[in-house]
Amino acid sequence: MTDWDLLVAGRPSVDVMFSGLEAWPALGRDVVADGLGVCAGTSFNTPAAAHRLGLRVAYVAMVGNDRWSRVVRDEWELEGLPTDFLEVEDRPMPFVSVALNHDGDRGFVTYYGAGEPDDEELERTALDTVETVSARHLHAYAGEEGARLVRAARGRGMSVSVDAWGGPWW
């Protein structure tokens, strides 16, 4: 059995970032951006950064077979993240977040292509993983499923950090 330094559970997104906007977009008016970036994001950021630091990372995640999920899978491979806990569904499950950056602030437009059954399956998989693997730390996301994961991880002696991701728990 592998001992993991960090266990993360979450849905990775594709982040599309526009920067250097001259103004906020308005109906009927195009806005030109000075910069554009595209990368895997959301729950992907923590395991990727920890892996770059040399930590052994277990990342429980679910993606689909669509082009957006392919961006995540390509970046997963580039980062060299273990795929032990990556579930790839044979159907589209796009999760895309567009960030608009202007004058020191940002706004988002997000499309979440998973449904409640997908979230429930990811939660079950994450709970099973927390209860069966050896890890030092859990990084979870706030919400009801996050609370259950936190309790399970603490019961197994893991330290815990939580990302509120701007939801009502913030």
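Preceding block: the structure.
Residues numbered from 1 in each chain as written. Predicted model: local features only at pLDDT ≥ 70, side-chain atom pairs only at ≥ 80, totals over all residues. Heavy atoms only, no water.

Chemist: Any details on the environment of Asn 101? Residues and values, ideally.
Modeler: Among the structural elements, Asn 101 can be located in strand β6 (residues 95-102). Asn 101 gets classed as partly exposed once you look at its relative accessible area, which sits at 25%. For the pair Asn 101 and Ala 33, spaced 68 residues apart in sequence, the C-alpha separation works out to 8.9 Å. Those residues in contact with Asn 101, other than ones at most four positions away along the chain, are Met 17, Phe 18, Ser 19, Gly 20, Leu 21 and Arg 106. (Helix = DSSP H or I, 4+ residues; strand = E, 2+ residues; numbered from the N terminus. Buried < 20%, exposed > 50% of the residue type's maximum accessible area, 1.4 Å probe, protein only. Contact = heavy atoms within 4.5 Å.)

Chemist: Would you mind going over helix α2 (residues 67-79) in detail, with residue names and values included?
Modeler: Between its first and last C-alpha, α2 extends 18 Å over 13 residues, near the 18 Å set by a 1.5 Å rise per residue. Along α2, the residues that are buried comprise Ser 69, Val 72, Glu 75, Trp 76 and Glu 79. For α2, the arc enclosing every buried residue in end-on projection is 125 degrees, short of the 170-degree limit, so these residues lie on one face. In α2, the exposed positions that point more than 90 degrees away from the buried face belong to Arg 67, Glu 77 and Leu 78. The elements touched by buried residues of α2 are β2 (12-19), β3 (35-42), α1 (45-52), β4 (57-63) and β5 (86-88). Measuring from the backbone nitrogen of Trp 68 back to the side-chain oxygen at the start of α2 gives 3.1 Å, which picks out Asp 66 as the cap. One or two positions beyond α2, positive phi appears at Gly 80, with a value near 75 degrees. (Expected span 1.5 Å × (residues − 1). Arc of directions from axis to C-beta. Polar contact = N/O pair within 3.5 Å; in protein donor to acceptor, adjacent residues only side chain to side chain.)

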